Amino acid sequence: MSILVYIEQDQGKIKSSSLEAVSYAAALSEKSGDKVNVLGCGTIEDADWNQLGKAGADAIYHVADERLNSGVIQAHAHIIAQVFAKVDASILVLAKSALGDAVASRLAIKLNAGLVSNVVGLPDMNAGFVVKRSIFTGKAFVETAIPAENKILAIKKNTQPIKTDGEEVSVESLTVDLPESVFAARITEVEKASGEVLLPEADIVVSGGRGLNGPENWGMIEGLAEVLQAARGCSKPVSDLGWRPHHEHVGQTGVKVAPSLYIAIAISGAIQHLAGVNGSRNIVVINKDPEAPFFKAADYGIVGDAFDIVPKLTEAIKAL
Ligand code: FAD
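Residues numbered from 1 in each chain as written. Predicted model: local features only at pLDDT ≥ 70, side-chain atom pairs only at ≥ 80, totals over all residues. Heavy atoms only, no water.

In the annotation of an unreviewed UniProt entry, the entry for the protein reads Electron transfer flavoprotein alpha subunit apoprotein, and the organism field reads Cyclobacterium lianum. As its UniProt record puts it under Sequence similarities (unreviewed entry), the protein is described as follows: "Belongs to the ETF alpha-subunit/FixB family." (UniProt positions renumbered as here; feature names shortened; annotations may be inferred.)

And the structure:
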């Protein structure tokens, strides 16, 4: 038996959440002795493959068809099922993401597998196969047993440190059966502002709230985000008012983020906003109201006027 890890790429670069998934599988293999096979689809930059061996892959397979560069769910699920059988796998590991969830649910049916998403820990093998997962947007955890022979684990971002001390592994090109029917629905064009860091994948997020008074004041959010190479986010009222685009809206009804660092500027910290950020490893809050609820969820807080603090912070970081 073995483990198969499905990795995602964005514009040729392997996503860090997928490197976490490989590292998770490597840690699991230390307990179970199973081989870690990794599958990548579409165009992936040559230099990026090296990271997979370092993260703990024992074997790497690549299906290079360019039609797989976009998230064609049926096609990806079709390929994973074939490779799962080829490597005699019983466990599929992938990152919890929009594509990961969509692919995993299809594969649960195809492979007759038990699927657990939002996994935050290694399985307890002695108790059968029991994994811990996060629920209620990170407010609680449950332990879930997977008695099915085939298992699918979708790993929550920021769960597993990325391993970097593994051996280099060569990449084997695979030819798989890819009927035209699995491309029945296909993304033909993706419009993306160049140079922007993707919000759900970002390691650092700088987010602004209604306290910033208007879109004309977003320059300082952009300035801080630029020096930190961070993605930009905002609270719901900010996108409802049209100050920022909806795809930047973070929270229960917006994007869920799990960066290493979330900087919340002039955001009160309503429970619906916190629901989208409580997977963050560190939260820094800048708010002029010392009673703002966000301070209770913060690792570090600055009480003061954002218009005074943010430019100084940006300059100080630039000077580093
Ligand atoms: P405000 O509540 O107006 O807070 C502004 C903050 O800025 C205050 O804390 C103030 O002290 C501070 N401030 C003002 N001036 C300055 C200054 N110069 N310097 C520093 N600080 C300053 N909200 C979300 O964000 N995401 C969601 O997904 C979401 N989903 C929702 C779903 C439902 C069903 C409902 C009912 C609400 C939802 N909301 C959501 C709205 C949420 O309840 C809050 O109303 C919203 O988050 C408040 O946004 P805010 O903190 O930017 O604005």
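Picking up after the structure, the text goes on.
A.B. asks: How should the pattern of salt bridges be read in this particular structure?
C.D. replies: Oppositely charged side chains may form a pair once their charged atoms are brought near each other. Summed over the entire model, instances satisfying the criterion amount to 12 salt bridges. Across the salt bridge formed by arginine 67 and glutamate 180, the nearest N and O atoms sit 3.1 Å from each other. A residue pair is termed long-range when its members are at least 10 positions apart, and arginine 67 in the loop between strand 5 (59-63) and helix 3 (73-86) and glutamate 180 in the loop between strand 11 (171-173) and strand 12 (204-208) qualify at 113 residues. Residues joined in a network through salt bridges with shared partners are Glu222, Arg232, Arg244 and Glu248. (Salt bridge = Lys/Arg side-chain N within 4 Å of Asp/Glu carboxyl O. Helix = DSSP H or I, 4+ residues; strand = E, 2+ residues; numbered from the N terminus.)

A.B. asks: Where do I start with the layout of surface pockets in this structure?
C.D. replies: Which parts of space are left empty comes out when a probe the size of a water molecule is rolled across the atoms. Roughly 1400 Å³ of volume is contained in the largest pocket. In terms of lining residues, the largest pocket is bounded by 48 residues, among which Glu8, Lys15, Ser97, Ala98 and Pro200 are the most central. Put simply, the parts of the chain that give the lining of the largest pocket at least two residues each are strand 1 (2-7), strand 2 (9-10), helix 4 (98-110) and strand 8 (130-135). Classifying every residue of the lining of the largest pocket gives 15 nonpolar, 18 polar and 15 charged. (1 Å grid on protein atoms, 1.4 Å probe; cavity = no way out; pocket = protein on both sides within 12 Å on 5 of 7 lines; lining within 4 Å. Points joined across faces, edges and corners; volume = space filled by probe spheres on them. Nonpolar A, V, L, I, M, F, W, Y, C, P; charged D, E, K, R; others polar.)

A.B. asks: Any chance you could explain the nonpolar core here in plain terms?
C.D. replies: Membership of the largest hydrophobic core comes to 34 residues, with the highest contact counts inside it found for Leu4, Leu39, Ile79, Leu92 and Leu107. Looking at this core, the elements with two or more residues in it are strand 1, strand 4 (35-41), strand 5, helix 3, strand 6 (89-95), helix 4 and strand 10 (151-155). Counting residues per element, this core draws most heavily on helix 3, which supplies 7 residues. Those residues within four positions of leucine 107 in sequence are excluded, and the remaining contacts are Ala77, Ile80, Ala81, Leu92, Asn112 and Ile152. Among the nonpolar cores identified, the runner-up in size contains 28 residues, and Trp49, Ala57, Val119 and Val131 belong to it. (Core = buried A, V, L, I, M, F, W, Y, C linked by side-chain atoms within 4.5 Å. Buried < 20%, exposed > 50% of the residue type's maximum accessible area, 1.4 Å probe, protein only. Contact = heavy atoms within 4.5 Å.)

A.B. asks: What is the right way to look at the sheet that holds strand 16 (residues 300-303) in this model?
C.D. replies: An order of 13-12-14-15-16 is seen for the 5 strands of this open sheet, with the pairing classed as parallel. Sheet topology places strand 13 (231-234) and strand 16 at the edges, where each strand pairs with a single neighbour. Recorded for the sheet is a direction-independent mean angle of 15° between the axes of neighbouring strands. Relative to strand 16, strand 15 (residues 282-287) runs parallel, the two sharing 4 bridges. From the neighbouring strand, asparagine 287 faces strand 16, where its bridge partner is valine 303. Lying on the sheet, helix 9 (residues 306-318) is in contact with strand 14 (261-265), strand 15 and strand 16; it crosses strand 15 at an angle near 135°. (Pairing = 2+ DSSP bridges. Axes fitted to C-alpha atoms, helices over the stretch in contact; angles between N-to-C directions.)

A.B. asks: Can you help me understand the confidence of the model for the protein in this one?
C.D. replies: The predicted coordinates ought not to be read in detail in places where the model reports low pLDDT. Model confidence for the protein is summarised by a mean pLDDT of 93, while 98% of its residues fall at 70 or above. This prediction of the complex comes with two scores: 0.79 for pTM and 0.99 for ipTM. (pLDDT = per-residue confidence, 0-100.)

A.B. asks: In this structure, what is going on with the UniProt feature "binding site: FAD" (unreviewed entry) in the protein? I would like to understand it.
C.D. replies: In the numbering adopted here, UniProt assigns the feature "binding site: FAD" (unreviewed entry) to Arg210 and Asn287. For this annotated set, covering 78 residues, all C-alpha atoms fall within 11.2 Å of each other, a compact arrangement in space. Relative to the elements of secondary structure, arginine 210 occurs in the loop between strand 12 and helix 5 (219-228). Following the sequence through the fold, asparagine 287 ends up in strand 15. Once residues within four sequence positions are removed from consideration, asparagine 287 is found in contact with Ala266, Ile267, Ser268, Ala292, Phe295, Ile302, Val303 and Gly304. Polar contacts involving the side chain of asparagine 287 include one to the main-chain carbonyl oxygen of isoleucine 267, which spans 3.1 Å. (Polar contact = N/O pair within 3.5 Å; in protein donor to acceptor, adjacent residues only side chain to side chain.)

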